[in-house]
Amino acid sequence: MTEVLAGHGLVKKFGATTALAGVDMAVGERDSLAIMGPSGSGKSTLLHALAGIIRPDDGQVLLRGERIDRFGENRLSALRRTRFGFVFQSGQLLPELPAEENVALPLMLEGVPRRRAVQRARRWFAPLGLDGLEQRRPGQLSGGQAQRVAIARALAVEPDVVFADEPTGALDQTTSMEVVRLLTSVIREQGAALVMVTHDADVAAHCDRILHVRDGQVSTHSQYTVT
Ligand code: ADP
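Here is a short report on the structure shown in this document. Remember, it's a predicted structure, so these values are computed and weren't measured experimentally.

## Thoughts on the pattern of salt bridges
Here is step 1 of the chain: The final tally for this structure, using the stated rule, is 15 salt bridges.
Here is step 2 of the chain: In this structure, the salt-bridge partner of Glu-66 is Arg-75, at a minimum N-O distance of 3.4 Å.
Here is step 3 of the chain: Arg-148 is the salt-bridge partner of Glu-178, the closest N and O atoms lying 3.5 Å from each other. One end of the pair, Glu-178, is in helix 6 (residues 173-190); the other, Arg-148, is in helix 5 (residues 143-155), and 30 residues separate them in sequence.
Here is step 4 of the chain: Residue classification places Glu-178 among the partly exposed positions, given a relative accessible area of 30%.
Here is step 5 of the chain: The buried category is assigned to Arg-148, whose relative accessible area is 9%.
Here is step 6 of the chain: Ionic contacts of the salt-bridge type, sharing partners, join the residues Glu-29, Arg-64, Arg-83 and Asp-160 into one network.

## Quick look at the site of the ligand
Here is step 1 of the chain: Taken together, Phe-14, Thr-17, Ala-19, Pro-38, Ser-39, Gly-40, Ser-41, Gly-42, Lys-43, Ser-44 and Thr-45 make up the full set of residues adjacent to the ligand.
Here is step 2 of the chain: Lys-43 places a side-chain nitrogen or oxygen 2.8 Å from an oxygen atom of the ligand.
Here is step 3 of the chain: Interatomic distance of 2.8 Å between a side-chain N/O atom of Ser-44 and an oxygen atom of the ligand.
Here is step 4 of the chain: Its free accessible area being 560 Å², the ligand has 57% of it covered by the protein chains.

## Points about the side chain of Glu-166
Here is step 1 of the chain: With respect to the helices and strands, Glu-166 occurs in the loop between strand 7 (161-165) and helix 6.
Here is step 2 of the chain: One buried charged side chain, Glu-166, makes no salt bridge at all; its nearest oppositely charged neighbour is Lys-43, positioned 5.8 Å away.
Here is step 3 of the chain: Look past the residues within four positions of Glu-166 in its chain and what remains in contact with it is Phe-88, Gln-89, Val-197, Thr-198 and His-199.

The rules behind each value
Residues numbered from 1 in each chain as written. Predicted model: local features only at pLDDT ≥ 70, side-chain atom pairs only at ≥ 80, totals over all residues. Heavy atoms only, no water. Salt bridge = Lys/Arg side-chain N within 4 Å of Asp/Glu carboxyl O. Helix = DSSP H or I, 4+ residues; strand = E, 2+ residues; numbered from the N terminus. Buried < 20%, exposed > 50% of the residue type's maximum accessible area, 1.4 Å probe, protein only. Near = heavy atom within 4 Å. Polar contact = N/O pair within 3.5 Å; in protein donor to acceptor, adjacent residues only side chain to side chain. Areas by Shrake-Rupley, 256 points an atom, 1.4 Å probe, with all protein chains shown as cover. Lys, Arg positive; Asp, Glu negative; His and termini not counted. Contact = heavy atoms within 4.5 Å.

Listed below in structure tokens is the structure:
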């Protein structure tokens, strides 16, 4: 399997607190990794370091073999817009825009003309079970539908990696399972990689592998080598 994203020896301190104490991880194409661990164990810090949102104090982050942890701010922000997709606990959709324009937004930000961006956005609706909901505004969608629109938006730029931070945290169990099943299956079809923080073991079980973090260190990692 081709390695997409890797973290080597990641260290991050906040004052006297060591949030990451030397974490190693890797994900490949069509590969999904769940990050689990108790509150305060370093899960969000790890996700943010991998996604170029915070800079690690030590260690390396490699995207398809290229070191991105020392990129300047402008390069990092361009990378986040074009090569990464993000899904958060609540979809953070723009309430005044129809679903299809919410999905098209990252493309429009990259300069794709509105009509073409919306056309490209529409292709994600059927695979995510959202057929017919293109014109709905976020307020007219259920929680699960809104999260699926947020997933479509994360995929719109055809990113190398989708980062999801508690993507089912605001959903009931049945809807959570439906959303994570769709998320992991479209990621595989797309050939992207998924890095997901979740506290829900049933959600994590949909991923190919689980990384357990404790006190800023990997406590267990299902044995599997991405080459
Ligand atoms: P988790 O996501 O597993 O709950 P975090 O990565 O948010 O854990 O936090 C790991 C540790 O780092 C915690 O002790 C937390 O208080 C600390 N921490 C995280 N972010 C900051 C910050 N911006 N400033 C200070 N301490 C932080």
